[in-house]
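Examining the three-dimensional arrangement
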Amino acid sequence: MRPSPILRGAGRSAVHRSAILAALLVAGPACADAPVLTAKTDTKADAKTDAKSAATQAAPQAGLLAQVRVVTAALAPVSAQVALTGDIQAKFLSNIAFRVSGKIQERLVEVGEHVTADQVLARLEPQEQQVNVDTAQAALASAEALLTQARVSFERQQSLMRGGYTTRTSYDQAEQTLRTTQASVESARAALGNAREQFSYTELKTGVPGIITARNAEAGQVVQSGQTVFTLAQDGPRDAVFIVSETLLAEPPEGRTIDVILLSDPRVRVTGTVREISPAVDPSSGGVRVKIGLSAVPPEMSLGATVAGLGRFRSRQAISLPWSALFRWQDRPAVWVLDPGSGTVAPKTVTIDRYAGSAIVLSDGIAPGERVVTAGIQLLRPGQKVAVVGEDAK
């Protein structure tokens, strides 16, 4: 009968355990300190792993909320400072033209040149005016000759009248002829003066000192009387001229005083007052021309110099928010508003009145007391719960 497999295995296990026990006895104390892996060591490692996993799962859910900063909207006085760019212009501009018609013989000045009051700018060909002068001189000489003859005739009749050798009629006729020729001489003398004055008009003079800013005719050109040949910026007061948006003029300024600064050298500045506001919109620029009269003009502010004007409008109550609160929602400017009760955020469209440096001034959309998110808006979505980590100053 064959032995059972189980019994044979059991026998081999007994023999194997006896051999291991004999080896341990032979090794003695040398193997007593050897580390032995037991089921207890494996249990401790597994316990540490399980504890770490439990701690991670037990972390507070608040740490997963988006962290934001907020500011409480409040009304505050807002004063807008507007900076515009303009240029320096003369207060008085003169269009210089000949008083008589003719052909320009020569032009003596250039654009940008400073001229005196009696300086000749251009000349016309004077042939026609010279003929008029010569004719007037001849007429005066003829009238003076007739006057001499009439005076001699009158003196003769006066002498005969004393002796009774002439009639009263002859005497009166000689006296009338004398007076007529005297009037003719005065008329011829006036005509000569007029002809000479017309001759002087062939030389173009300004009458006031200034700077030539434009030239509209050249030598050889035929001009009519009154046709502008030069434009003159008169010496004296200066204006800073700006093109202002019509919307800015709807709100009254805080004062009529404007600071004017030279752009090429900001150290050069002067104070001016609003002197003139154009009643109509300039069709070329779409703005309103405003002239600022300067109290004193530094030498550096020459004609055409580019300047900046700083004006401040009257303050008013409005809500101002940091620019970091602004984002776009449905193609309109908006901000994120925090609901204090639920701790959620929602977008709210706003109307921007103006940009003031690092802040935006709102005209509509946010009411005083609402809490607006100023930092952490990049990943927000409507209805999302957030954790407030700080609040900006009002």
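Computed from a prediction, not measured in an experiment: that's the story for all the values here. (Residues numbered from 1 in each chain as written. Predicted model: local features only at pLDDT ≥ 70, side-chain atom pairs only at ≥ 80, totals over all residues. Heavy atoms only, no water.)

Some remarks on the sheet that holds strand β16 (residues 306-312)
- What the six strands build is a closed barrel, ordered β3-β12-β15-β14-β13-β16; its pairing is antiparallel. Sheet twist, expressed as the average angle between the axes of neighbouring strands with direction ignored, equals 40°.
- Pairing analysis gives five bridges linking strand β14 (residues 269-277) to strand β15 (residues 288-294), with the strands arranged antiparallel. Pairing of Ile277 across the sheet is with Val290, part of β15. (Pairing = 2+ DSSP bridges. Helix = DSSP H or I, 4+ residues; strand = E, 2+ residues; numbered from the N terminus. Axes fitted to C-alpha atoms, helices over the stretch in contact; angles between N-to-C directions.)

So, helix α4 (residues 168-200)
- For α4, built from 33 residues, the straight-helix expectation of 48 Å at 1.5 Å per residue is met to within 8% by its first-to-last C-alpha distance of 49 Å.
- Turning to α4, the residues buried within the fold contact α3 (127-163). (Expected span 1.5 Å × (residues − 1). Contact = heavy atoms within 4.5 Å.)

Focus: the sheet that holds strand β11 (residues 228-234)
- One open sheet holds the four strands; their spatial order is β4-β11-β9-β6, and the pairing between them is antiparallel. With one partner strand each, in any of the chains shown, β4 (93-97) and β6 (114-115) form the two edges of the open sheet.
- Across five bridges, strand β9 (residues 210-215) lies against β11 in antiparallel orientation. Note that in β11 the partner of Gly210 across the bridge is Gln234.

What to know about the pattern of salt bridges
- Summed over all chains, the structure comprises 15 salt bridges.
- Among the salt bridges present, the one from Glu106 reaches Arg123, with a minimum N-O distance of 2.7 Å. Note that Glu106 is positioned in strand β5 (residues 102-107) and Arg123 in strand β7 (residues 120-124), a separation of 17 residues in sequence.
- On the basis of relative accessibility, which here comes to 29%, the residue Glu106 falls in the partly exposed class.
- In this structure, the salt-bridge partner of Asp282 is Arg289, at a minimum N-O distance of 3.3 Å. (Salt bridge = Lys/Arg side-chain N within 4 Å of Asp/Glu carboxyl O. Buried < 20%, exposed > 50% of the residue type's maximum accessible area, 1.4 Å probe, protein only.)

Observations concerning the nonpolar core
- Phe98, Leu121, Leu204, Ile212 and Phe230 are the most contacted members of the largest nonpolar core, which totals 17 residues.
- When contributions to this core are tallied by element, the ones reaching two or more residues are β7 and β11.
- With sequence-adjacent residues up to four places away left out, Phe230 is seen in contact with Ser94, Asn95, Ile96, Arg107, Val109, Leu121, Ala122, Leu204, Ile212, Ala214 and Arg215.
- Residues Ala240, Val260, Leu262 and Leu294 belong to the second largest nonpolar core, which totals 16 residues. (Core = buried A, V, L, I, M, F, W, Y, C linked by side-chain atoms within 4.5 Å.)

Some remarks on unusual backbone geometry
- The backbone phi angle of Gln330 is positive, close to 55°, even though this residue is not glycine.
- Of note, the phi angle at Asp331 is positive, near 60°, even though the residue is not glycine.

Quick notes on the side chain of Thr166
- In this structure, Thr166 sits in the loop between α3 and α4.
- Classification of Thr166 as buried rests on a relative accessible area of 17%.
- Reaching out from Thr166, the side chain makes a polar contact with the side chain of Gln157 at a distance of 2.8 Å.
- When sequence neighbours within four positions are dropped, the list of residues in contact with Thr166 reads Gln157, Leu160 and Met161. (Polar contact = N/O pair within 3.5 Å; in protein donor to acceptor, adjacent residues only side chain to side chain.)

Re the side chain of Gln157
- Turning to its location among the elements, Gln157 is positioned in helix α3.
- If we skip the residues at most four places from it in the chain, Gln157 touches Thr166, Ser170, Tyr171 and Ala174.

Remarks on the packing of aromatic side chains
- Using the criterion set out here, one finds four aromatic pairs in the structure.
- When the centroid spacing of 6.5 Å and the interplanar angle of 55° are considered together, the rings of Phe327 and Trp329 count as tilted.
- Here the aromatic residues Phe327, Trp329 and Trp336 are joined through ring pairs into a cluster of three or more. (Phe/Tyr/Trp six-rings, centres within 6.5 Å; stacked < 30°, edge-to-face > 60°.)

Describing the packing of α3 against α4
- Relative orientation of the contacting elements α3 and α4 amounts to 160°, with a least axis distance of 7 Å. As far as their axial angle goes, α4 and α3 are roughly antiparallel. Judged by the sense of rotation from one axis to the other, the crossing of α3 with α4 is left-handed.
- In the contact of α3 with α4, the residues fall into 19 nonpolar, 13 polar and six charged. (Parallel < 35°, antiparallel > 145°, perpendicular 65-115°, else oblique. Left-handed = near helix turned anticlockwise from the far one by under 90°. Nonpolar A, V, L, I, M, F, W, Y, C, P; charged D, E, K, R; others polar.)

A word on the environment of Val70
- Relative to the helices and strands, Val70 resides in strand β1 (residues 66-72).
- Once residues lying within four places of it in the same chain are set aside, the contact partners of Val70 are Leu338, Arg371, Val372, Val373, Thr374, Val388, Gly390, Glu391 and Asp392.

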